[in-house]
Amino acid sequence: MLKIYLQINGISIYQLSKKTGIPYSTVNDLANNKTMAGNCKASIIQKLAVQLQVSMEELLDICDQSARIQTKHGSVEAYTYSKNEYYYVAFLDDNIKQELAVSPVCKDIHPFLQELIKWTVDSYLADKQLEVMADELLYHEKK
């Protein structure tokens, strides 16, 4: 969902509307999946892509590949995209944008991509939990 991408990148629907000249209602409908990006005029997708500094194909991926990712160690609102022959997942963690490499782009990976994304995010969240636990342990040892 475009809304997740905008939140992660600190851009409001209003700002995007003003900067592109696209009506707020159109950007809002796209951001909230009321209108599918594939059904928009190419000129609208192009204006949005230029403003967001992504290709039109990347923008369509962002609109289609955004979701809440639920793992054993937590959940995040994230979007996935491909760039330079690699798949990435991006999300906010403590209001800091995280971008994690998931897998090289290849034709055989697509059926497994969602599970790889989930595993990548879960590994990140598990590592973060371990760091917090280690910090707490060190803090208690110093007392």
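Note that this is a predicted model, so its numbers are computed, not measured.

## Comments concerning the overall build of the chain
Helix and strand content of the chain: 6 helices and 4 strands. Walking the chain from its N terminus toward its C terminus, one meets helices and strands in the order α-α-α-α-α-β-β-β-β-α. Oriented by its inertia axes, the alpha-carbon framework of the chain measures out at about 60 × 40 × 25 Å. The buried share among the 143 residues of the chain stands at 36%. Contacts in the chain between residues far apart in sequence, at least 24 positions, make up 41% of those at least 6 positions apart. Of the accessible surface of the chain, which amounts to about 9100 Å², a share of 52% is contributed by carbon and sulfur atoms. Averaging the coordinates of the 15 positive side-chain charges in the chain and doing the same for the 18 negative ones gives two points 9 Å apart.

## Some points on the packing of helix 2 (residues 13-20) against helix 3 (residues 24-31)
Their axes nearest at 9 Å, the elements helix 2 and helix 3 cross at an angle of 130 degrees. Here helix 2 is positioned oblique relative to helix 3, judged by the angle of their axes. Crossing geometry of helix 2 relative to helix 3 is assigned as right-handed. On the side of helix 2, the interface is formed by I13, Y14, L16 and S17, while helix 3 contributes Y24, V27, N28 and A31. Here the contact of helix 2 with helix 3 is composed, by residue class, of 6 nonpolar, 2 polar and no charged.

## What about helix 2?
Those residues of helix 2 not exposed but buried are I13, L16, S17 and T20. Across the axial projection of helix 2, the buried residues extend over an arc of 100 degrees, all falling on one side. Exposed residues pointing more than 90 degrees away from the buried face of helix 2 are listed as Y14, K18 and K19. Considering only its buried residues, helix 2 is in contact with helix 1 (2-8), helix 3 and helix 4 (42-52).

Calculation notes
- For every chain, the first residue of its written sequence is number 1, and the numbers climb from 1 along that sequence.
- Local features are withheld for residues below a pLDDT of 70 in this predicted model, meaning they are given only at 70 or higher, and side-chain atom pairs are given and counted only at 80 or more; totals for whole chains, interfaces and linings count all residues.
- Calculation of side-chain values draws on the structure's entire complement of heavy atoms; hydrogens and water are dropped beforehand.
- Helix numbers and strand numbers start at the N terminus; a helix is a DSSP run of H or I with at least 4 residues, a strand a run of E with at least 2.
- Only protein chains enter the accessibility calculation, which uses a 1.4 Å probe. A residue is then buried if its area is under 20% of the maximum for its type, exposed if over 50%, and partly exposed in between.
- For this analysis, residues touch if any pair of their heavy atoms sits within 4.5 Å.
- With residues, only the protein chains shown are counted as cover, and all accessible areas are computed by Shrake-Rupley using a 1.4 Å probe.
- His residues and chain termini do not enter the charge count, which takes Lys and Arg as positive and Asp and Glu as negative.
- The atoms used to mark charge sites are NZ of Lys, CZ of Arg, CG of Asp and CD of Glu.
- Under this scheme, a helix contributes an axis fitted over its contacting stretch, all axes are lines through C-alpha atoms, and angles between N-to-C directions fall in the 0 to 180 degree range.
- Small angles under 35 degrees read as roughly parallel and large ones over 145 as roughly antiparallel, with 65 to 115 read as roughly perpendicular and the rest as oblique.
- Definitions for this section: a left-handed crossing has its near helix turned counterclockwise from the far helix by less than a right angle. A right-handed crossing has that turn clockwise.
- Each residue gets one of three labels, nonpolar for Ala, Val, Leu, Ile, Met, Phe, Trp, Tyr, Cys and Pro, charged for Asp, Glu, Lys and Arg, and polar for the others, Gly among them.
- By construction, the arc corresponds to the directions joining the helix axis to the C-beta atoms.

Purely geometric numbers; function is a separate question.
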